[in-house]
Amino acid sequence: QEEQTTTTTTTTAMNQTVLQQWIRRAAIGGGTILTLPILASLTYTTYQYTTTPNDQISKLHTPKSIYYQSLTNLIMTQLGQRSNKTFQSSCANAASENEALLLSICKKHESTEYGKQQNLKSITSRNDFRKHHPLTNHDHYQP
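Residues numbered from 1 in each chain as written. Predicted model: local features only at pLDDT ≥ 70, side-chain atom pairs only at ≥ 80, totals over all residues. Heavy atoms only, no water.

### Focus on the overall build of the protein
1) Next: Within the protein, the regular secondary structure consists of 6 helices and 0 strands.
2) Next: Along the protein, helices (α) and strands (β) appear in the sequence α-α-α-α-α-α when read from the amino end.
3) Next: For the protein, the residues scored as buried account for 20% of the 143 residues in total.
4) Next: Here the contacts in the protein between residues at least 6 apart in sequence split such that 46% fall between residues at least 24 apart.
5) Next: Counting only carbon and sulfur atoms, one obtains 57% of the accessible surface of the protein, whose full area is about 11000 Å². (Helix = DSSP H or I, 4+ residues; strand = E, 2+ residues; numbered from the N terminus. Buried < 20%, exposed > 50% of the residue type's maximum accessible area, 1.4 Å probe, protein only. Contact = heavy atoms within 4.5 Å. Areas by Shrake-Rupley, 256 points an atom, 1.4 Å probe, with all protein chains shown as cover.)

If you want it as C-alpha coordinates, here you go:
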(Lines give C-alpha, C1' and ligand atoms only; values in the text may rest on other atoms or scores of the structure.)
Protein backbone atom coordinates (compact mmCIF):
# COMPACT_ATOMS: atom_id res chain seq x y z
CA GLN A 1 0.00 0.00 0.00
CA GLU A 2 2.75 2.44 0.99
CA GLU A 3 4.81 1.56 -2.10
CA GLN A 4 1.84 2.25 -4.39
CA THR A 5 1.27 5.64 -2.70
CA THR A 6 4.96 6.53 -3.20
CA THR A 7 4.78 5.49 -6.87
CA THR A 8 1.61 7.54 -7.37
CA THR A 9 3.19 10.59 -5.72
CA THR A 10 6.35 10.26 -7.86
CA THR A 11 4.33 9.85 -11.06
CA THR A 12 2.13 12.82 -10.18
CA ALA A 13 5.22 14.98 -9.49
CA MET A 14 6.75 13.95 -12.84
CA ASN A 15 3.50 14.70 -14.66
CA GLN A 16 3.24 18.10 -12.99
CA THR A 17 6.80 18.89 -14.17
CA VAL A 18 5.81 17.97 -17.73
CA LEU A 19 2.67 20.07 -17.40
CA GLN A 20 4.65 23.04 -16.13
CA GLN A 21 6.92 22.77 -19.17
CA TRP A 22 3.86 22.78 -21.45
CA ILE A 23 2.50 25.85 -19.66
CA ARG A 24 5.80 27.67 -20.21
CA ARG A 25 5.79 26.70 -23.88
CA ALA A 26 2.23 27.96 -24.21
CA ALA A 27 3.14 31.25 -22.58
CA ILE A 28 6.22 31.67 -24.78
CA GLY A 29 4.40 30.60 -27.94
CA GLY A 30 1.52 32.93 -27.24
CA GLY A 31 -1.44 33.23 -29.54
CA THR A 32 -4.95 32.18 -28.66
CA ILE A 33 -5.13 29.44 -31.26
CA LEU A 34 -2.20 27.68 -29.59
CA THR A 35 -2.72 28.70 -25.98
CA LEU A 36 -6.37 27.69 -25.58
CA PRO A 37 -5.91 24.06 -26.62
CA ILE A 38 -2.75 23.81 -24.54
CA LEU A 39 -4.47 25.17 -21.44
CA ALA A 40 -7.50 22.96 -22.03
CA SER A 41 -5.19 19.98 -22.52
CA LEU A 42 -3.23 20.79 -19.39
CA THR A 43 -6.34 21.16 -17.31
CA TYR A 44 -7.72 17.89 -18.62
CA THR A 45 -4.40 16.08 -18.24
CA THR A 46 -3.87 17.34 -14.70
CA TYR A 47 -7.37 16.29 -13.72
CA GLN A 48 -6.97 12.85 -15.31
CA TYR A 49 -3.54 12.17 -13.86
CA THR A 50 -4.48 13.29 -10.35
CA THR A 51 -7.84 11.51 -10.12
CA THR A 52 -7.20 8.27 -12.03
CA PRO A 53 -5.33 5.35 -10.45
CA ASN A 54 -1.99 4.64 -12.18
CA ASP A 55 -3.04 1.22 -13.43
CA GLN A 56 -5.95 2.83 -15.28
CA ILE A 57 -4.11 5.71 -16.98
CA SER A 58 -3.74 5.19 -20.70
CA LYS A 59 -0.11 5.10 -21.73
CA LEU A 60 -1.13 6.14 -25.27
CA HIS A 61 -3.02 9.32 -24.33
CA THR A 62 -0.14 11.70 -23.64
CA PRO A 63 -0.20 15.46 -23.09
CA LYS A 64 0.83 15.82 -26.75
CA SER A 65 -2.05 13.66 -28.01
CA ILE A 66 -4.45 15.50 -25.71
CA TYR A 67 -3.18 18.80 -27.15
CA TYR A 68 -3.82 17.63 -30.71
CA GLN A 69 -7.25 16.38 -29.70
CA SER A 70 -8.08 19.74 -28.11
CA LEU A 71 -6.73 21.63 -31.12
CA THR A 72 -8.83 19.49 -33.47
CA ASN A 73 -11.91 20.05 -31.32
CA LEU A 74 -11.28 23.82 -31.36
CA ILE A 75 -10.85 23.93 -35.14
CA MET A 76 -13.90 21.75 -35.78
CA THR A 77 -15.98 23.89 -33.42
CA GLN A 78 -14.94 27.04 -35.29
CA LEU A 79 -15.68 25.47 -38.68
CA GLY A 80 -19.02 24.19 -37.44
CA GLN A 81 -20.01 27.59 -36.09
CA ARG A 82 -19.03 29.26 -39.38
CA SER A 83 -20.97 26.68 -41.41
CA ASN A 84 -23.99 27.05 -39.14
CA LYS A 85 -23.89 30.83 -39.51
CA THR A 86 -23.83 30.51 -43.32
CA PHE A 87 -26.63 27.95 -43.22
CA GLN A 88 -28.80 30.12 -40.93
CA SER A 89 -28.22 33.11 -43.21
CA SER A 90 -29.27 31.06 -46.24
CA CYS A 91 -32.37 29.83 -44.43
CA ALA A 92 -33.36 33.38 -43.51
CA ASN A 93 -33.30 34.30 -47.22
CA ALA A 94 -34.52 30.97 -48.62
CA ALA A 95 -36.79 32.46 -51.30
CA SER A 96 -34.11 34.73 -52.74
CA GLU A 97 -31.47 31.97 -52.47
CA ASN A 98 -33.73 29.57 -54.38
CA GLU A 99 -34.51 32.16 -57.03
CA ALA A 100 -30.81 32.91 -57.48
CA LEU A 101 -30.13 29.19 -57.87
CA LEU A 102 -32.96 28.80 -60.42
CA LEU A 103 -31.70 31.75 -62.46
CA SER A 104 -28.11 30.47 -62.41
CA ILE A 105 -29.30 27.06 -63.66
CA CYS A 106 -31.32 28.73 -66.41
CA LYS A 107 -28.32 30.87 -67.41
CA LYS A 108 -26.00 27.86 -67.41
CA HIS A 109 -28.32 25.92 -69.74
CA GLU A 110 -29.64 28.71 -71.96
CA SER A 111 -27.31 27.76 -74.81
CA THR A 112 -28.24 24.05 -74.78
CA GLU A 113 -30.79 22.59 -77.16
CA TYR A 114 -33.34 22.35 -74.36
CA GLY A 115 -32.55 25.89 -73.18
CA LYS A 116 -33.14 27.23 -76.68
CA GLN A 117 -36.41 25.28 -77.02
CA GLN A 118 -37.70 26.62 -73.70
CA ASN A 119 -36.22 30.10 -74.24
CA LEU A 120 -34.39 30.01 -70.90
CA LYS A 121 -32.48 33.12 -71.96
CA SER A 122 -35.60 35.26 -71.47
CA ILE A 123 -36.26 34.07 -67.89
CA THR A 124 -35.33 36.77 -65.39
CA SER A 125 -37.39 35.78 -62.34
CA ARG A 126 -39.18 32.90 -60.66
CA ASN A 127 -42.49 34.19 -62.00
CA ASP A 128 -41.11 34.23 -65.58
CA PHE A 129 -40.05 30.63 -65.11
CA ARG A 130 -43.53 29.65 -63.89
CA LYS A 131 -45.20 31.43 -66.82
CA HIS A 132 -42.93 30.22 -69.61
CA HIS A 133 -41.76 26.78 -68.55
CA PRO A 134 -44.35 23.98 -68.55
CA LEU A 135 -44.84 21.56 -65.70
CA THR A 136 -42.95 18.45 -66.68
CA ASN A 137 -42.40 14.87 -65.69
CA HIS A 138 -39.51 12.50 -66.28
CA ASP A 139 -40.63 11.54 -69.81
CA HIS A 140 -40.37 15.18 -70.91
CA TYR A 141 -36.57 15.04 -70.62
CA GLN A 142 -36.05 11.78 -72.51
CA PRO A 143 -34.31 12.19 -75.91
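After that view of the structure, there is still more to cover.
### Quick notes on unusual backbone geometry
1) Next: For Asn119, which is not a glycine, the phi torsion comes out positive at approximately 55°.
2) Next: Locating Asn119 in the fold gives a position in the loop between α5 (113–117) and α6 (126–132).
3) Next: Under the relative-accessibility criterion, Asn119 is labelled partly exposed at 42%.

### Points about the pattern of salt bridges
1) Next: Per the counting criterion, the structure on display carries 1 salt bridge.
2) Next: In this structure, Arg126 engages Glu99 in a salt bridge whose closest nitrogen and oxygen atoms are separated by 3.8 Å. Placement of Arg126 in helix α6 and of Glu99 in helix α4 (residues 94–109) is noted, with a sequence separation of 27 residues between them.
3) Next: Its relative accessible area of 32% is what places Arg126 among the partly exposed residues.
4) Next: Taking the relative accessible area as the measure of exposure, Glu99 reaches 22% and is therefore partly exposed. (Salt bridge = Lys/Arg side-chain N within 4 Å of Asp/Glu carboxyl O.)

### Topic: the confidence of the model for the protein
1) Next: The pLDDT averaged across the protein works out to 77; a share of 73% of its residues lies at or above 70.
2) Next: By mean pLDDT, the top-scoring element of the protein is α4 (92), and the lowest-scoring one is helix α1 (residues 2–29) (57).
3) Next: Note on residues 2–9: pLDDT is under 50 here. Beyond four places in sequence and across chains, it has 2 contacts. (pLDDT = per-residue confidence, 0-100.)

### Points about the side chain of Gln118
1) Next: With respect to the secondary-structure elements, Gln118 resides in the loop between α5 and α6.
2) Next: Setting aside its immediate chain neighbours within four residues, Gln118 contacts His132, His133, Pro134 and His140.

### Overview of a nonpolar patch on the surface
1) Next: On the surface, a cluster of nonpolar side chains totalling about 280 Å² of accessible area is made up of Ile75, Met76 and Leu79.
2) Next: By the element assignment, Met76 lies in helix α3 (residues 63–92). (Patch = residues over 30% accessible without salt bridge, like charges linked within 9 Å, V, L, I, M, F, W, Y side chains within 5 Å.)

### Focus on the side chain of His133
1) Next: On the secondary structure map, His133 appears in the segment after α6.
2) Next: Taking the relative accessible area as the measure of exposure, His133 reaches 10% and is therefore buried.
3) Next: Within the local environment of His133, its side chain forms a polar contact with the side chain of Tyr114, the two groups lying 2.6 Å apart.
4) Next: Ignoring sequence-local partners within four residues, the contact set of His133 consists of Tyr114, Gln118, Leu120, Asp128 and Tyr141. (Polar contact = N/O pair within 3.5 Å; in protein donor to acceptor, adjacent residues only side chain to side chain.)

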